[in-house]
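# Geometric and topological summary
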Amino acid sequence: MATPLSNLSDFDANDVPSGEGLKIALVVSEWNAEITDNLRLGAHTTLVECGVREADIITTLVPGSFELVFGAKKALEQAVNAVIVIGSVIQGQTKHFDFVCQGVTQGIVSLNLSSDRPVVFCVLTDNTLQQSIDRSGGVHGNKGVEAAVTAIKMAQLAKQ
């Protein structure tokens, strides 16, 4: 979690199990692409740095964050070890933000409870565009990096 004293992209590679032999799906929202593209790039780069082969990273685009749940469900139908859902919901003037955030969160919880493979939540739910920029490669690093590390750790846990 980002705080003024930490950067989301900081991790010790010695604390991350090898990603060798893992197949990871990235399900990425096209909405707020300026943010989600950076998150995807952070996740993809980190997966490769941790030993996941480029050919074993499957990327699927969905229109918006609400559609991430269905995209993740479809990804779980493939032979993947983990799924990372990547989205960005920025507070507006209506309750739409609350409904989308709650729906996506509950959907990912349901998938995690019903599957033996992890679905990692990399959905920014910020109050402003600047907060999203700060967490997708800005001053707080890149939440996609953290999601990739989490996916590797959880995929290895699922194998136990």
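Predicted model, so just to flag it, every value in this text is computed and none were measured. (Residues numbered from 1 in each chain as written. Predicted model: local features only at pLDDT ≥ 70, side-chain atom pairs only at ≥ 80, totals over all residues. Heavy atoms only, no water.)

### Some thoughts on the overall build of the protein chain
Counting secondary structure elements, the protein chain contains five helices and six strands. Sequence-ordered secondary structure for the protein chain, helices as α and strands as β, is β-α-β-α-β-α-β-α-β-β-α. Against the globule reference of 15 Å for 160 residues, the protein chain gives a C-alpha radius of gyration of 15 Å, in line with a compact fold. Referenced to the eigenvectors of the C-alpha coordinate spread, the extents of the protein chain come out at roughly 45 × 35 × 25 Å. Residues classed as buried in the protein chain amount to 44% of the 160 residues present. Averaging the locations of the 11 positively and 17 negatively charged side chains of the protein chain gives two centres separated by 7 Å. (Helix = DSSP H or I, 4+ residues; strand = E, 2+ residues; numbered from the N terminus. Rg over C-alpha atoms; globule rule 2.2 N^0.38 Å. Buried < 20%, exposed > 50% of the residue type's maximum accessible area, 1.4 Å probe, protein only. Lys, Arg positive; Asp, Glu negative; His and termini not counted. Charge placed at Lys NZ, Arg CZ, Asp CG, Glu CD.)

### Some points on the environment of Ser88
In this fold, Ser88 is placed in strand 3 (residues 82-90). According to the relative accessible area criterion, Ser88 is buried, its value standing at 1%. C-alpha of Ser88 to C-alpha of Ala33: the two residues are 55 residues apart in sequence and 8.4 Å apart in space. The contact partners of Ser88, leaving out residues within four places of it in the chain, are Trp31, Asn32, Ile35, Thr36, Ser65, Val123, Leu124 and Ser132. (Contact = heavy atoms within 4.5 Å.)

### A closer look at helix 2 (residues 68-76)
Every buried residue of helix 2 is accounted for by Leu68, Val69, Gly71, Ala72, Ala75 and Leu76. All buried residues of helix 2 project into a common sector of 160° when viewed along the axis, lining one side. For helix 2, the elements touching its buried residues are strand 1 (24-29), strand 2 (57-62), strand 3, helix 3 (96-114) and strand 4 (119-126). (Arc of directions from axis to C-beta.)

### A few points about the pairing of strand 1
Counting buried residues in strand 1 gives six out of six residues, a clear majority hidden from the surface. Residues Ile24, Leu26 and Val28 line one face of strand 1 and the alternating positions Ala25, Val27 and Ser29 line the opposite face, and both faces are buried. Bridge analysis of strand 1 against strand 2 gives six bridges, and the strand direction is parallel. Looking at strand 2, one finds that Val28 is bridged to Leu61. Handedness of the crossover is the feature at issue here: the chain leaves strand 1, passes through helix 1 (residues 33-49), returns alongside strand 2, and the resulting connection is right-handed. Judged from the five bridges that link them, strand 1 and strand 3 form a sheet pairing that is parallel. (Pairing = 2+ DSSP bridges. Right-handed = clockwise from strand over helix to strand, strands pointing away.)

### Comments concerning the pattern of salt bridges
Per the counting criterion, the structure on display carries four salt bridges. With a shortest N-O distance of 3.1 Å, Glu77 and Lys74 are connected by a salt bridge. Given a relative accessible area of 54%, Glu77 falls into the exposed group. A salt bridge links Asp116 to Arg117, with the shortest nitrogen-to-oxygen separation between them at 3.4 Å. (Salt bridge = Lys/Arg side-chain N within 4 Å of Asp/Glu carboxyl O.)

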